Amino acid sequence: MKNRKNKERQEMGECGAMNVSTELRKLVLGVDEKVPLANGKYVTGINFDNAATTPPFISVMEEIMDFAPWYSSIHRGTGYKSRLSSKLYEDGRKIIKDFVNADEYRDIVIYTKSTTESINILCHRLAQESKQHIVLSTEMEHLANDLPWREKFQVEYVGITEEGQLSLYDLEKKLLKYAGKVKLVTVTGASNVTGYINPIYEIAALAHQYGTQILVDGAQLVPHAPIDMKPYDAMDHIDYLVFSAHKMYAPFGIGVLIGHKKTFVKGEPVYKGGGNVRLVSHQFVELEDPPAKEESGTPNVIGVAAFVRGIKTLGSIGMNRIHQYESDLIRYAIEGLQEIPEIKLYCNCDKNEKRVSLISFAMQGMPHDLLAQILSCEAGIGVRSGLFCAHPYVEKLLKMSTEDLEYFHHHHDVPVPGLVRISLGLYNNYHEIDLLVKLLAEIAENKHYYKQKYRQMKGSR
Ligand SMILES: Cc1ncc(COP(=O)(O)O)c(C=O)c1O
């Protein structure tokens, strides 16, 4: 701590990092709002929970205000506003495709409400057409990319290393073992616990080499780094990609599922009702073609308007630039956290490790949820604690045994171990990291005091 320089001051002169963070910060709504502390004072809130969801861009809010007076029913509406709304909704698909370099003709963009819904829809569809009954998921997935598959396929989990990185060796072993039976390899683009960026192109090439397809859960990757689905004839083509607008500064209920149209031509959609039918009698049901076929009910047009604006704003900043800035920021945070002996980081922290801007840690002798509460009450710092909806992954990182898990499963009054996660957005800055690290060091030095203070507030644990 003593040797830490003030990075912001230092870099202002050296490479203009201050300018980057100040410029990006201005794009996001609510970043300077004051939040109350336990002592009754107010401070500018610090949001380090962007992996869960991000605040909106100001441009997104302006888009909503600009578009809302023109909002109307789409597709079958014939008025001017309906035609305008339909165009915006349909044009959005192309803008989203371009953002991830999806195939202009073969791929479709299905609007959903989230990554979770996108994966459930794809799972439903692949199960209908499937002769192969195995899905290769991994031990590092968010539950959204695990539980849906369990219901309809035999799921085999690709293993991870001691430090939680995906084992390509194990992936290939499993592809070989189950050759001809694997419907899909499904893998997260970046972990929501350790921040590792997976080698998705290598994984895609391996999947194709063994005659199967790949889904990338892009919920944590797409908001933070450039992604390219690559051409269909490339071995490292990404077959399916899913992600959520609410993690991309447009939190208004939109997710997407991108993939080959032919996957969605045959079979039944998950949701049935109005909006996605051409003609229905009591004798037959004729559905629309994809993507409309999968979008039953009244579509979230304003959500699409917001998302498209969010994507345009991200594009105008540049995903490479965002990734670079956030990588520098998380590296700075890691270095700060590493200076506190009581803190253990749950990942490989090598600076060459490819990661998005999040990291999880624990403080020796301090329950994760209590620490998260202290950060909020003492300094207005919002983080997340627990198992981050990636239970098997965190359980493995924490080396919890089957017996431990059985115990927690049957004793609901016993707190489950977990971690604290900080996840940065493009508007976070070095000053905020300094405040976090300083407070964590202070808590680590005065654990007894803080535990007493906040256990009393919280009641007994
Ligand atoms: C890696 C990953 N996948 C999937 C999801 C689920 O996303 P959503 O809540 O938008 O459905 C999340 C959410 O945190 C995530 O981090």
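A. Examining the pattern of salt bridges more closely. Counted according to the given criterion, the structure contains 25 salt bridges. Residues Asp-49 and Arg-421 are paired through a salt bridge, measuring 3.5 Å at the closest nitrogen-oxygen approach. Taken together, the residues Asp-49 in the loop between strand E3 (46-47) and helix H3 (58-67) and Arg-421 in strand E17 (residues 419-423) connect sequence positions 372 residues apart. Judged on exposure class, the residue Asp-49 and its partner Arg-421 are both buried. Between Arg-76 and Glu-288 there is a salt bridge; the shortest N-O distance is 3.7 Å. One end of the pair, Arg-76, is in the loop between H3 and helix H4 (80-100); the other, Glu-288, is in the loop between strand E12 (285-287) and helix H9 (301-317), and 212 residues separate them in sequence. Relative accessible area serves as the criterion here: at 54%, Arg-76 is assigned to the exposed category. Overall, Glu-288 belongs to the partly exposed group, its relative accessible area being 21%. Residues participating in the shared-partner salt-bridge network are Arg-25, Asp-32 and Glu-432.

B. Layout of the packing of H4 against H9. Orientation of H4 relative to H9, taken along the N-to-C sense of each, is 35 degrees, at an axis distance of 9 Å. Crossing of H4 over H9 shows left-handed handedness. Residue-level inspection shows Ser-85, Leu-88, Tyr-89, Gly-92, Ile-95, Ile-96 and Phe-99 of H4 in contact with H9, the latter providing Val-301, Val-304, Ala-305, Phe-307, Val-308, Ile-311, Lys-312, Leu-314 and Gly-315. Residue composition of the contact of H4 with H9, grouped by class: 12 nonpolar, three polar and one charged.

C. Broad picture of the side chain of Arg-355. Looking at the element boundaries, Arg-355 is found in the loop between strand E13 (343-345) and strand E14 (358-363). Buried Arg-355, no salt bridge; nearest opposite-charge side chain is Glu-353, N-O distance 6.3 Å. Of note is the side chain of Arg-355, whose polar atom sits 3.3 Å from the backbone oxygen of Leu-358. For Arg-355, the residues in contact, after removing those within four places along its chain, are Thr-194, Gly-195, Tyr-196, Ile-197, His-323, Ser-327, Ile-330, Ile-334, Cys-347 and Asn-348.

D. Highlighting the site of the ligand. Around the ligand, a shell composed of 14 residues is seen, among which Thr-116, Asp-217, Gln-220, Ser-244 and Lys-247 lie nearest. At a separation of 2.5 Å, a nitrogen atom of the ligand approaches a polar side-chain atom of Asp-217. About the coverage of the ligand: the protein hides 89% of its 390 Å² of free accessible area.

Criteria and thresholds
- Residues numbered from 1 in each chain as written.
- Predicted model: local features only at pLDDT ≥ 70, side-chain atom pairs only at ≥ 80, totals over all residues.
- Heavy atoms only, no water.
- Salt bridge = Lys/Arg side-chain N within 4 Å of Asp/Glu carboxyl O.
- Helix = DSSP H or I, 4+ residues; strand = E, 2+ residues; numbered from the N terminus.
- Buried < 20%, exposed > 50% of the residue type's maximum accessible area, 1.4 Å probe, protein only.
- Axes fitted to C-alpha atoms, helices over the stretch in contact; angles between N-to-C directions.
- Left-handed = near helix turned anticlockwise from the far one by under 90°.
- Contact = heavy atoms within 4.5 Å.
- Nonpolar A, V, L, I, M, F, W, Y, C, P; charged D, E, K, R; others polar.
- Lys, Arg positive; Asp, Glu negative; His and termini not counted.
- Polar contact = N/O pair within 3.5 Å; in protein donor to acceptor, adjacent residues only side chain to side chain.
- Near = heavy atom within 4 Å.
- Areas by Shrake-Rupley, 256 points an atom, 1.4 Å probe, with all protein chains shown as cover.

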